[in-house]
Amino acid sequence: MSHTLLSGNEAIAHGAWEAGVLVAAAYPGTPSTEILENLARMEGVHAEWATNEKVAFEVAAGASLGGARSLVAMKHVGLNVAADPLFTIAYTGVGAGLVVVVADDPGMHSSQNEQDTRNYAAFARIPMLEPSDSSEARAMALAAFELSERLDMPVLLRSTTRLSHGKSLVETGERQECRGPAYVKRAPKYVMMPGNARRRRIDLEERLRKAADESERSPFTVAEMRDTAVGVITSGVAYQFVREALPEASTLKLGMTFPLPEQKIRAFAAAVERLVVVEELDPYLTSRLLALGLPVEDVGLSHIGELSPGAIAAAFGVEPPETREIFTDLPPRPPMLCAGCPHRGVFHALHKMDAVIIGDIGCYTLASLPPLSAMDTCVCMGASIGMAHGLERSGGAGERPVVAVLGDSTFAHSGLTGLLDAVYNGGASTVVVLDNRITAMTGHQDNPFTGRTLMGETAPDVDIVAVCTALGVADVSVVDPNLLRPTEKALRAAVAAPHVSVVVTRAPCVLLTKEHPDPFAVDEEACTACGECVRMGCPAISRGRDSKAVIDTTQCVGCRQCVQVCKYGAIVRTGPSCDFKGRS
Ligand SMILES: Cc1ncc(C[n+]2csc(CCOP(=O)(O)OP(=O)(O)O)c2C)c(N)n1
């Protein structure tokens, strides 16, 4: 045993490793990504980035069939993608322990919506554990595998951003080696056609009854009796906020939040004068406690966004805990495409073409912000192609070209089926695959088009062009998006095609390139202040004296995109070849 300062994600990975996890799969997504990145570095684990969360879930489920303790991790919206296998694997049950880690993002720090995954546990009828710090995250990850095997059910481990990324002390242990029995054919358990599924449905209720007993006995549910004037029932990171805001209040911290430990809850409720539930996001516990007939008092806490000790103190009408403002004088850093991002040129061209740009999720979503303002929609991963096809078929875009734009990782995640659909149904929209050779937005994870795996091994170099051709796209071209004219030409040709066309814009993410050419600078005499380069939205370019362009040479990576839009030759290379005398 040793003590280490770990984030919730690191602790979950460690707990799973100690439990002897053999196979782990995930699709990256903040705030869950580091779980797999950590597991990939641990001895004895096969860890992989799956193409999407559904596939990741199925990989883990298959490994569990084969007697390997398995883990799948994702962010909350990933569980929507993986929901199909989730609901039915609740019926089949597992081979060796199967743990599903889902990290919610209250407050949407890096997500397109806010979801409370606790509802999924109840909806799919699978047990759920909710850690409140890193130490519990490790212990629960370990315990979740044992619980999964005792109950013959997948177990959901729910985290939230503060837990996943916050650090606290963890006592870690050694790894147990525990391979389960090899796969045996058991069709009545694993083949979910109606006759078998009906029997497993009844069996699921029996397993849930056992899970409820486990919940009553769970060491993770702890009643802490202090002043009994107020009793707070809470779970997860909300427990920490309650302890800060209401240090005198009695608390019942629920570790297993599906099924709920009804007797423990009733006993706690009977021992306090006022009973309040403090929970982040949906009134998940509140509605269940009210259904039990318990007198839960509504103190008016919001169900939108993150909780905080201050918000809890305000709801209870007590002094907020002392907080210290740190780093108050930092300059604002609004999100934007990086200087030299190869996506920029594509959006510049699409904007000029007055295309309706049906976007997707990735770094490129930032093109929706001014000055590029080059995106019309962004809904969920992979949505761009289907939505563009629907819009094009509706005729609602009139004469304007309809262009779907998505990254290489998103294309692998859920773009392929949309593209096949558009081809099959005789669409005529254009699809742009922004192939920057990486899953950039979530921190540079590999994907099937990068030629490397999460374990650092070489993977087959799957060619996006060949994939599109195989899906029936007649018109596929490849351009370097740093070259603006050829990019615009390829896009114009693609939108003119009478059928579905694909343009693959291929240039590595600028952050993958370690060495850059000399930066550029503006020749003030030649600059007319027309603003064309500023409209590219590069963070290295701003307006200076007399509204003329200024390039911050510490940010400029020499991509040459701005040089190509300047009609006056006012942007020139610095360094030895500089052809103006540094008038700035
Ligand atoms: C269902 C789902 N899973 C994961 C995410 C997190 N996520 C947002 S964008 C993105 C990948 C973007 O990569 P890519 O499409 O290659 O574009 P890039 O950022 O490299 O430009 C991921 C994994 C999400 N939003 N939704």
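This one's a predicted model, so the numbers in the text were calculated from it and none came from an experiment.

Caption draft 1: Examining the overall build of the chain more closely. When its secondary structure is counted, the chain shows 20 helices and 23 strands. What you see for the chain is a C-alpha radius of gyration of 27 Å, in line with the 25 Å of a compact globule of 584 residues. Counting only C-alpha atoms and orienting by the principal axes, one finds that the chain spans roughly 80 × 60 × 50 Å. For the chain, the proportion of its 584 residues judged to be buried stands at 54%. The contacts of the chain with a sequence gap of at least 6 include a subset with a gap of at least 24, amounting to 75%. Summing over all exposed atoms, the chain offers an accessible surface of approximately 25000 Å²; the carbon and sulfur share of this is 55%. Once the 53 positive and 68 negative side-chain charges of the chain are each reduced to a mean point, those two points are 4 Å apart.

Caption draft 2: Broad picture of the domain arrangement of the chain. According to the domain assignment, the chain consists of domain 1 (2–214), domain 2 (222–316), domain 3 (343–512) and domain 4 (520–573). If you average the C-alpha positions of domain 2 and of domain 4, the two centres end up 56 Å apart.

Caption draft 3: Region of interest: the packing of aromatic side chains. According to the stated counting rule, one finds three aromatic pairs in the structure shown. Geometrically, the ring pair formed by Phe 87 and Tyr 120 is edge-to-face, given 6.3 Å between the ring centres and 70° between the ring planes. Taken together, the positions of Phe 87 in helix α5 (residues 83–92) and Tyr 120 in helix α6 (residues 118–124) put the pair 33 residues apart, joining distant regions of the chain. Under the relative-accessibility criterion, Phe 87 is labelled partly exposed at 22%. Taken together, the aromatic side chains of Phe 87, Tyr 120 and Phe 123 make up a single cluster linked through ring pairs. The positively charged end of Lys 253 is found above the aromatic ring belonging to Tyr 239, 5.2 Å away from the centroid.

Caption draft 4: Structural view of the pairing of strand β19 (residues 501–506). The buried fraction of β19 is high, at five of six residues. Inspection of the sheet shows strand β17 (residues 430–435) paired to β19 by six bridges, in the parallel sense. From the neighbouring strand, Thr 430 faces β19, where its bridge partner is Ser 501. With five bridges connecting them, strand β18 (residues 475–479) and β19 associate as parallel partners. Counterpart to Val 479 in the pairing with β19 is Thr 505. You can see the chain leave β18, run along helix α19 (residues 484–496) and come back into β19, and the turn it takes is right-handed.

Caption draft 5: Molecular detail of unusual backbone geometry. For the bond running from Thr 30 to Pro 31, omega is 10°, close enough to zero to count as cis. Within the element layout of this structure, Pro 31 appears in the loop between β2 (23–26) and α2 (34–39). Of note, Ala 529 is a non-glycine position whose phi angle comes to about 65°, a positive value. Inspection of the secondary structure puts Ala 529 in the loop between β20 (520–522) and β21 (541–543). Looking at Ala 529, the relative accessible area reads 22%, which means it is partly exposed.

Caption draft 6: Region of interest: the nonpolar core. Ranked by internal contacts, the top residues of the largest apolar core, which has 83 residues, are Leu 36, Leu 39, Leu 71, Leu 129 and Ile 233. Counting residues per element, this core draws most heavily on helix α7 (residues 134–151), at nine residues. Inspection of this core shows a minimum of three residues originating in each of domain 1 (2–214) and domain 2 (222–316). With sequence-adjacent residues up to four places away left out, Leu 39 is seen in contact with Ala 13, Ala 16, Trp 17, Val 21, Ala 24, Val 45, Ala 47 and Leu 71. Grouped together as the second largest cluster of nonpolar side chains are 47 residues, Ile 385, Val 403, Val 405 and Leu 434 included.

Caption draft 7: Local environment of the side chain of Thr 160. Secondary-structure assignment places Thr 160 in strand β7 (residues 155–160). Residue classification places Thr 160 among the buried residues on the basis of a relative accessible area of 6%. What Thr 160 contacts, discounting residues up to four positions off in sequence, is Asp 104, Pro 106, Val 237 and Glu 280.

Caption draft 8: Fine view of helix α17 (residues 408–424). Residue Ser 414 marks the point of greatest curvature in α17, where the axis turns by about 70°. Buried within α17 we find Asp 408, Ser 409, Thr 410, Phe 411, Ala 412, His 413, Ser 414, Gly 415, Gly 418, Leu 419 and Ala 422. Gly 426 sits one or two positions beyond α17 and adopts a positive phi of about 65°.

Caption draft 9: Spotlight on the site of the ligand. As a matter of local geometry, the ligand sits amid 26 residues, with Glu 53, His 343, Asp 408, Thr 410 and Ala 440 nearest to it. The contact in question runs from an oxygen atom of the ligand to an N or O atom on the side chain of Asp 408, over 2.7 Å. The backbone of Ile 438 places a nitrogen or oxygen atom 3.2 Å from an oxygen atom of the ligand. Within the complex, the protein chains bury 97% of what would otherwise be the 580 Å² of accessible surface of the ligand. Looking at which element gives the most residues to the shell around the ligand, the answer is α17, with four residues. Looking at the shell around the ligand residue by residue, the classes come out as eleven nonpolar, twelve polar and three charged. Three or more residues apiece are contributed to the shell around the ligand by two domains, here domain 1 (2–214) and domain 3 (343–512).

Caption draft 10: The sheet that holds β2, seen in detail. One open sheet accounts for seven strands, arranged β3-β2-β4-β5-β7-β6-β12; its pairing is mixed. Two strands close off the open sheet at either side, each with one partner strand: β3 (46–49) and β12 (256–258). Running over the sheet, helix α3 (residues 53–65) touches β2, β3, β4 (70–75) and β5 (98–104) and is turned about 165° from β4.

Caption draft 11: Just the sheet that holds β18, in detail. Read from one edge to the other, the open sheet built from five strands follows the order β15-β16-β17-β19-β18, with strand pairing classed as parallel. In this open sheet, the two edge strands, each paired with only one partner strand, are β15 (356–358) and β18. Within the sheet, the average angular offset between the axes of one strand and its neighbour, ignoring direction, is 25°. The sheet contacts of helix α16 (residues 383–394) involve β15, β16 (402–407) and β17, and relative to β16 the element is tilted by about 180°. On top of the sheet, α19 reaches β16, β17, β18 and β19; it is set at about 165° to β19, its chief contact.

Conventions we followed
Residues numbered from 1 in each chain as written. Predicted model: local features only at pLDDT ≥ 70, side-chain atom pairs only at ≥ 80, totals over all residues. Heavy atoms only, no water. Helix = DSSP H or I, 4+ residues; strand = E, 2+ residues; numbered from the N terminus. Rg over C-alpha atoms; globule rule 2.2 N^0.38 Å. Buried < 20%, exposed > 50% of the residue type's maximum accessible area, 1.4 Å probe, protein only. Contact = heavy atoms within 4.5 Å. Areas by Shrake-Rupley, 256 points an atom, 1.4 Å probe, with all protein chains shown as cover. Lys, Arg positive; Asp, Glu negative; His and termini not counted. Charge placed at Lys NZ, Arg CZ, Asp CG, Glu CD. Domains from an automatic or database assignment. Phe/Tyr/Trp six-rings, centres within 6.5 Å; stacked < 30°, edge-to-face > 60°. Lys NZ or Arg CZ within 6 Å of the ring centre and 35° of its normal. Pairing = 2+ DSSP bridges. Right-handed = clockwise from strand over helix to strand, strands pointing away. Core = buried A, V, L, I, M, F, W, Y, C linked by side-chain atoms within 4.5 Å. Bend = angle between axes of the 7 residues up to and from the residue. Near = heavy atom within 4 Å. Polar contact = N/O pair within 3.5 Å; in protein donor to acceptor, adjacent residues only side chain to side chain. Nonpolar A, V, L, I, M, F, W, Y, C, P; charged D, E, K, R; others polar. Axes fitted to C-alpha atoms, helices over the stretch in contact; angles between N-to-C directions.

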